[in-house]
Amino acid sequence: MIVGCVLLACTLLVGASSGSRAGQPLKTSCRPGFSQNFYTVIVPRDVLHGQSILKVKFEDCQRSREVGFVSSDPNFSVRADGSVYTEQEVANLSEPVQFMVTARGLHDPHIWETTVKLALAGHLHPPPLSKIGFEEMLSRVWESQPRVIKFSRRHQRASSANSLRRQKRDWVIPPINVPENSRGPFPHMLVRIRSDQDKDVGIRYSITGAGADQPPSGIYNIDPISGNMFVTQPLDREERASFHLRAHAVDMNGNQVENPIDLYIYVIDMNDNRPEFQNQVYNGSVPEGSKPGSSVMQVTATDSDDSTTANGMVRYRILSQTPHSPIPNMFTINSETGDIVTVAAGLDREKVSQYTIIVQATDMEGNLNFGLSNTATALISITDINDNPPELTVRTFAGEVPENKVNVVVTNLTVVDRDQPHSPNWNAVYRIVSGDPTGHFTIRTNPITNEGMLTVVKPVDFEMNRAFMLTVVVSNQAHLASGIQSSLQSTAGVTISVQDVNEPPVFPVSPKMIRFEEGVPAGTTLTVFAAQDPDHFIHQIVRYSKLSDPANWLKINRTNGQITTMALLDRESMYVKNNMYEATFLAYDNGKSGSPQASGTGTLQIYLIDVNDNAPVLIPKEAQICERARPNSRINITASDADAEPNVGPFVFELPSFPASIRRNWTISRLSGDYAQLRLRIPYLEAGVYEIPVIVSDSGNPPLSNRSLIRIKVCPCDNNGDCSATGAVAAAGLGTGAIIAILICIIILLSMVLLFVVWMKRREKERQAKPLLIDPEDDVRDNILKYDEEGGGEEDQDYDLSQLQQPESLEHIINKPTGVRRVDERPVIAESQYPVRPSVPHPGDIGDFINDGLRAADNDPTAPPYDSLLVFDYEGSGSTAGSVSSLNSTSSGDQDYDYLNDWGPRFKKLADLYGGGEDD
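**Q** Explain the overall build of the protein residue by residue, including any values.
**A** A count of helices and strands for the protein gives 7 helices and 50 strands. Counting all 920 residues of the protein, 36% fall into the buried class. A fraction of 67% describes how many contacts in the protein between residues 6 or more apart in sequence connect residues 24 or more apart.

Right, dumping it as structure tokens:
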């Protein structure tokens, strides 16, 4: 096949049974057949006889099938490899041609078919397709469709299985092409389905499949009598690219007259979709200084139209560039792939950091007259490279620093860098290349300002160096770009002046250690602990004082630092740790003009050498032993000595010769250098407590001795050699009489407790048995309720009690206008006179007296609470007292007090007074 003759590649149109859109491969299991159901080829008119125009591909899943190809058009033939070639010159063809290619197995009856549609180019070198030209071609293809489709006849087999006979064309059913977006009118007739038997019997036609009686149903229908097939509405290829229907022919009784035939309907694409960019804004970047041809980014637009036709072929171009610096066309775009690349050199981030590119995508292979377009924005950021070395702002910096100070910023080194801030190309790195051999200074970079902070990290001494001359170099974290040289201004000098300050006196050796024996008497000179003043150029006087002396043993001469003792030095003191005593002293100068005094401290360590000044002490102080001598009845003794080697053990233990009973009853045997055993010399010793003196001597030179007492309890023992309880008491010094006295006291105490309990129970019984003097029904004790809270409820917490008090002055009331008075104020009028009770009351006038008092209180405006409303706290329900509602102050009538006679003798007097009792 001559590849140069093909102007447009073949495309696969998906079968209607799949229901998928065109251009999407079927993901099904392998089935034998053609790889495509429909081939479209546009060829020039100069294709000569015998030249290949395309190659159909047949999928043989078994890889062993022998297949032969046959063309339904005698003007075209198919070779064994699937190549389709012309039997005559294509220039002789005046109309578009459509024919079938059939594949048949040589050893089986299976048949596979595909459709080839051939369109002719108008010229030898055809110009680009225009929209109108393509639609005209499709219209001609539409008009060239067969008007009548007949049901196929039975296939006639050849006599030989290895040979194929060309069949008549009436059983080859070409596909039906329908342009999308047709404006109608609808229904629009497509073809007529006809059976050869319609002359003999009455035929009824019908169609089935997706688009007819299956979703989406109603797109196609057929006249059952005439067989005319119609499309009822506009089609959209992007929604569905093809349909597969089946035509049926039955008689009046519904019996099948013809075998069903397959109808393939392909929707012809129109340019009805604009290219769509995947993003409206694309972001890309390119380093500054890039060479022409450097890739920047890619933009992509897709078109829903058929990508195998000009309708879906998208081309790109750049509409504008902003800004136009240094030239208006710094970038170009690949029209087919959408790749944006640089065209010219001169990208400089310091001048232009970002470009805005408007990209246009147009279908119809970029034909602006007929194609549909869309635009997108490409933002191209110019990334920074280190093409600008840092430059110090001045050639010489100056600063000063006090001596003996660290972490002090001497001066700030300012730098200028035009690269992108806060990036490795901008971040400055400072180095000291000369002038500081001992490393007194370092330069830290301020991350915000990029300045170099020259800092003291090692103290400087004015007496040794009064000034420093440093040379510093600045660079970036990132290396300079290729071809970029360092600037002369990247190096500068720094002059540092050292300021003299008043330095404190310094003890040459601190801590200073000296050695002395303990026991040195007071007034002994130990050493001279003197300090030196570092300020050599200024004469100052140094004075001394004691800062820390835990035991207060030492004193220091104020002028020369001589150390003497004030007390005896004792190595065994609690202030001595590991034979070492420490004291701290202060040295200070008198300062100089404008500077305060400076002081320094020094530590003196005194190592105390031990002398034998502590006698050993016996351990333990108490012990116990059985009254009868037994093999295991021994007491182990040792001693402790506050001194150190060699003034401690081995110790010597011995009993004194006086009194004589000590050595007669006891004996000591040596166990080791530090231990001995004390035991009974006699077989039996009466139980009791004995204080045994023991003389202990150490190994000092001369040795020291100590007479110590050990308290030994001698007691009867059981079989195990342990003291019994009785024996322990006896050994404690309590005799039989003391034990009996203790038991008697315990018995008396228990008897007293028992008598008190019996008395209390008897009294309780008497109280319960004693009768009441009054009737239980009249016992008023049951009516007394006790309340634990002294305050009221929540409602009486906010009362102003001052209103219930007598005002000290009545001026504010007297001066009020006439007729204006608060109801809670005391009226300024004469107080009412209440009746006076006779000195000798008579039972008959008590009622009159009460009534008179009530009337006077009711009519007295000066009586509290001055006609104001009082709220009393509710004390709860359930009181056993009767109702008091009958106690009305304004009630009239005589009160009967005779019931007081029933309350017992305690209320007899009250009954005589108020009850109107009998006269004597």
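**Q** Describe in detail the pairing of strand β32 (residues 441-445), supporting the description with residues and values.
**A** Where β32 meets strand β33 (residues 452-456), 5 bridges bridge the pair, whose relative direction is antiparallel. When the sheet's bridge partners are listed, Thr445 is paired in β33 with Gly452. Where β32 folds back on β33, the antiparallel hairpin that results is connected by 6 residues, among which Asn450 adopts a positive phi of roughly 70°.

**Q** Summarise the state of the cysteines; cite the residues concerned and give the values.
**A** Inspection of every chain in the model, using the stated rule, returns 1 disulfide. One disulfide in the model links Cys626 with Cys717; its S-S distance is 1.9 Å. Across the disulfide from Cys626 to Cys717, rotation about the S-S bond amounts to roughly -105°, and the bridge is consequently left-handed. Pair noted here: Cys626 is in strand β44 (residues 622-626) and Cys717 is in the loop between β50 (705-715) and α3 (725-731), with a separation of 91 residues, a long-range link. Exposure remark for Cys626: the relative accessible area of 6% places this residue in the buried category.

**Q** Tell me about the sheet that holds strand β17 (residues 256-268), and please be specific about residues and values.
**A** Strand order in the open sheet formed by 4 strands is β11-β17-β16-β13, with mixed pairing between adjacent strands. Because the sheet does not close on itself, it has two edges, and the strands there are β11 (176-179) and β13 (204-208). Geometrically, the sheet is characterised by an average inter-axis angle of 30° between neighbouring strands, direction not taken into account. Across 5 bridges, the pairing between β13 and strand β16 (residues 242-250) is antiparallel. When the bridges of β16 are listed, Arg204 appears paired with Val250.

**Q** Could you give me a rundown of the sheet that holds β32, with the residues and numbers involved?
**A** Taken in spatial order, the 3 strands line up as β29-β33-β32 in an open sheet, and their pairing is antiparallel. Looking at strand neighbours, the two that pair on one side only are β29 (409-413) and β32, the edges of this open sheet. The sheet shows a mean angle of 25° between the axes of neighbouring strands, direction not considered.

**Q** Residue-level account of unusual backbone geometry, with values.
**A** Only a minority of non-glycine residues have a phi that is not negative, and only a minority of peptide bonds are not trans. The linkage connecting Ser325 with the following residue, Pro326, adopts the cis geometry, with an omega of -5°. Turning to its location among the elements, Pro326 is positioned in the loop between β22 (315-322) and β23 (331-333). Residue Pro620 is reached from Ile619 by a cis peptide bond, and omega for that bond is 5°. Within the secondary structure, Pro620 sits in the loop between β43 (617-619) and β44. If you check the backbone angles, Asn181 has positive phi at about 60° while not being a glycine.

**Q** Can you lay out the pattern of salt bridges for me, pointing to particular residues and giving the numbers?
**A** This structure, assessed with the given rule, holds 12 salt bridges. Two residues, Arg349 and Glu350, come together in a salt bridge whose shortest N-O distance is 3.2 Å. Here Arg349 falls in the buried class, since its relative accessible area comes to 14%. The class of Glu350 is partly exposed, set by a relative accessible area of 25%.

Rules used in this analysis
Residues numbered from 1 in each chain as written. Predicted model: local features only at pLDDT ≥ 70, side-chain atom pairs only at ≥ 80, totals over all residues. Heavy atoms only, no water. Helix = DSSP H or I, 4+ residues; strand = E, 2+ residues; numbered from the N terminus. Buried < 20%, exposed > 50% of the residue type's maximum accessible area, 1.4 Å probe, protein only. Contact = heavy atoms within 4.5 Å. Pairing = 2+ DSSP bridges. Disulfide = S-S within 2.5 Å. Axes fitted to C-alpha atoms, helices over the stretch in contact; angles between N-to-C directions. Salt bridge = Lys/Arg side-chain N within 4 Å of Asp/Glu carboxyl O.

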